[in-house]
Amino acid sequence: MNDITELLGIKYPILQGGMAWVAEHTLAAAVSSGGGLGIIAAGGADPDFVMGEIRKLREKTDKPFGVNIMLMNPLVDDLMQLMIDEKVPVITTGAGNTGKYIESLTAAGVKVIPVVASAALAKRNERYGAVAVIAEGSEAGGHIGEANTMPLVPQVVDAVSIPVIAAGGIADGRGAAAAFMLGAKGVQIGTRFVAATETVVAQSYKDKIIGASDNDTVATGRSTGHPVRVIKNKLTREILSREKEGVDPEEFEEMLIGTLRKAVVDGDVDYGSLMAGQSAGLVKRMQPAAEIIQEIVTGMRETYQSYADYFK
Ligand code: TUI
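As the structure is a computational prediction, the values presented were derived from the model and not from experiment.

Colleague: What is the right way to look at the site of the ligand in this model?
Modeller: Every one of the 15 residues lining the ligand counts as a neighbour, but Ala-95, Val-115, Leu-121, Glu-136 and His-143 are closest to it. The side chain of Glu-136 places a nitrogen or oxygen atom 3.0 Å from a nitrogen atom of the ligand. One nitrogen or oxygen atom from the main chain of His-143 is found 2.9 Å from a nitrogen atom belonging to the ligand. Residues of the shell around the ligand, tallied by class, amount to eight nonpolar, six polar and one charged.

Colleague: I tried to follow the sheet that holds strand E4 (residues 90–94) on my own but got confused; where do I start?
Modeller: Backbone-to-backbone hydrogen bonds join strands into a sheet, with any given pair of strands oriented parallel or antiparallel. Overall, parallel pairing links the eight strands, which are arranged E1-E9-E8-E6-E5-E4-E3-E2 in an open sheet. Looking at strand neighbours, the two that pair on one side only are strand E1 (14–16) and strand E2 (38–41), the edges of this open sheet. Averaged over neighbouring strand pairs, the angle between their axes works out to 25° when direction is ignored. As judged from the four bridges shared by E4 and strand E5 (residues 111–116), these two strands associate in the parallel manner. Opposite Ile-91, over in E5, you have Val-112 as the bridge partner.

Colleague: Would you mind showing me how to read the layout of surface pockets here?
Modeller: The probe, sized like a water molecule, is rolled over the atoms to show the empty space still left. A volume near 400 Å³ is recorded for the second largest pocket. Along the wall of the second largest pocket there are 19 residues; nearest its centre are Ala-177, Phe-180, Met-300, Arg-301 and Tyr-304. Elements with a minimum of two residues in the lining of the second largest pocket: helix H8 (173–181) and helix H14 (289–308). Of all the elements, H14 adds the most residues to the lining of the second largest pocket, at seven residues. Its residues placed into classes, the lining of the second largest pocket shows twelve nonpolar, four polar and three charged.

Colleague: Explanation requested: the pattern of salt bridges in the structure shown.
Modeller: If charged atoms from side chains of opposite charge come close, those side chains can pair. In this structure the tally under the stated criterion is twelve salt bridges. Notably, a salt bridge pairs Arg-192 with Glu-295, separated by 2.8 Å at the nearest N-O pair. Of the two residues, Arg-192 is situated in helix H9 (residues 191–194) and Glu-295 in helix H14; the sequence distance between them amounts to 103 residues. Overlapping salt bridges bring together Arg-55, Arg-58 and Glu-86 as one network.

Colleague: Just checking my understanding: could you explain the nonpolar core for this structure?
Modeller: The tendency in soluble globular proteins is for nonpolar side chains to be buried side by side. With 78 residues, the main nonpolar core has Val-67 and Met-83 as its most contacted residues. In this structure, Val-67 is in contact with Ile-39, Ile-40, Ala-42, Val-50, Ile-54, Met-83, Val-88, Val-90, Ile-91 and Thr-92, ignoring residues within four places of it in sequence. Membership of the second largest hydrophobic core comes to 13 residues, among which are Leu-15, Leu-37, Ile-113 and Val-115.

Here is what the cut-offs are and how they apply
- Residues numbered from 1 in each chain as written.
- Predicted model: local features only at pLDDT ≥ 70, side-chain atom pairs only at ≥ 80, totals over all residues.
- Heavy atoms only, no water.
- Near = heavy atom within 4 Å.
- Polar contact = N/O pair within 3.5 Å; in protein donor to acceptor, adjacent residues only side chain to side chain.
- Nonpolar A, V, L, I, M, F, W, Y, C, P; charged D, E, K, R; others polar.
- Pairing = 2+ DSSP bridges.
- Helix = DSSP H or I, 4+ residues; strand = E, 2+ residues; numbered from the N terminus.
- Axes fitted to C-alpha atoms, helices over the stretch in contact; angles between N-to-C directions.
- 1 Å grid on protein atoms, 1.4 Å probe; cavity = no way out; pocket = protein on both sides within 12 Å on 5 of 7 lines; lining within 4 Å.
- Points joined across faces, edges and corners; volume = space filled by probe spheres on them.
- Salt bridge = Lys/Arg side-chain N within 4 Å of Asp/Glu carboxyl O.
- Core = buried A, V, L, I, M, F, W, Y, C linked by side-chain atoms within 4.5 Å.
- Buried < 20%, exposed > 50% of the residue type's maximum accessible area, 1.4 Å probe, protein only.
- Contact = heavy atoms within 4.5 Å.

Here it is as structure tokens:
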């Protein structure tokens with residue numbers, strides 16, 4: 001037992017990343033049944049859709065689960081109300097400021113765990129009443145900050161007294177053990193779960209992750225202030241050349257509309273947005289979520305044991 005397993009009522013300190021389109025109830029239920037914290041991603045969806053997902057998950061498992069709220073969703077206020085009405089055990093939040101929602105969620109018994117990319121935002125969230133924070137380094141897939149996981153995690157650990165969960169670049173037991181060494185009390189894993197057997201993700205997208213090596217991702221959108229890490233393809237080549245030309249940020253955002261859906265649902269690996277972290281190179285095959293969790297836990301213990309003598 002550690003802070004996070006006790007706090008969330010789960011067996012292993014492993015959270016599944018909140019990935020728009022990818023993290024629906026099937027994956028989340030499989031992760032929660034496997035002893036981690038499965039998370040339904042609300043992404044850009046409306047409250048009715050998310051309510052349906054929550055109910056379908058609850059039919060599959062009675063284990064704790066979470067919902068990820070992407071704060072740029074225009075319906076964020078309604079989604080937060082849904083979290084309260086449905087008494088969702090845990091929410092994680094990303095891509096914005098969670099502050100003003102924490103008090104009412106907490107009063108309703110919803111545990112709030114913001115994803116942060118800086119120590120300053122971690123501190124602010126602690127002050128507002130977050131029960132933990134996820135420190136996500138820019139090795140992660142999707143929308144990212146500037147700081148990398150290795151320096152970010154210990155700085156967030158030093159800045160707050162609530163438990164810190166590490167994210168970004170972690171896909172196996174070695175990465176998880178390293179995160180604990182930095183002071184984290186849990187890990188959040190995204191990319192490896194995209195290739196889980198249970199996901200609704202198009203096979204061609206999963207194959208791109210499985211086939212990726214260490215330098216196959218790139219952060220697009222740095223020039224417009226919205227960096228997003230994805231696997232390189234025709235879309236990223238076009239985006240990066242437009243960025244070099246100094247594309248208008250509004251036109252840039254328009255180029256991206258619908259591209260994540262194109263990748264996940266349509267399997268368009270050329271012009272879809274193949275969001276994935278740098279750990280894609282560590283993902284070797286499709287596996288059931290519960291098996292992924294077991295491998296990470298076993299690997300983490302073996303890593304720790306193998307260094308026990310070394311550190312004496
Ligand atoms: O949110 C994520 N990852 C995401 S969200 C997403 S949906 C999307 N799709 C296309 C374009 C943009 C978004 C895909 N991946 N991770 C958590 C995260 N939050 N990473 C970075 C941040 C962050 C960045 C700045 C959080 C807060 C922030 O500033 C807030 C403030 O008020 O200072």
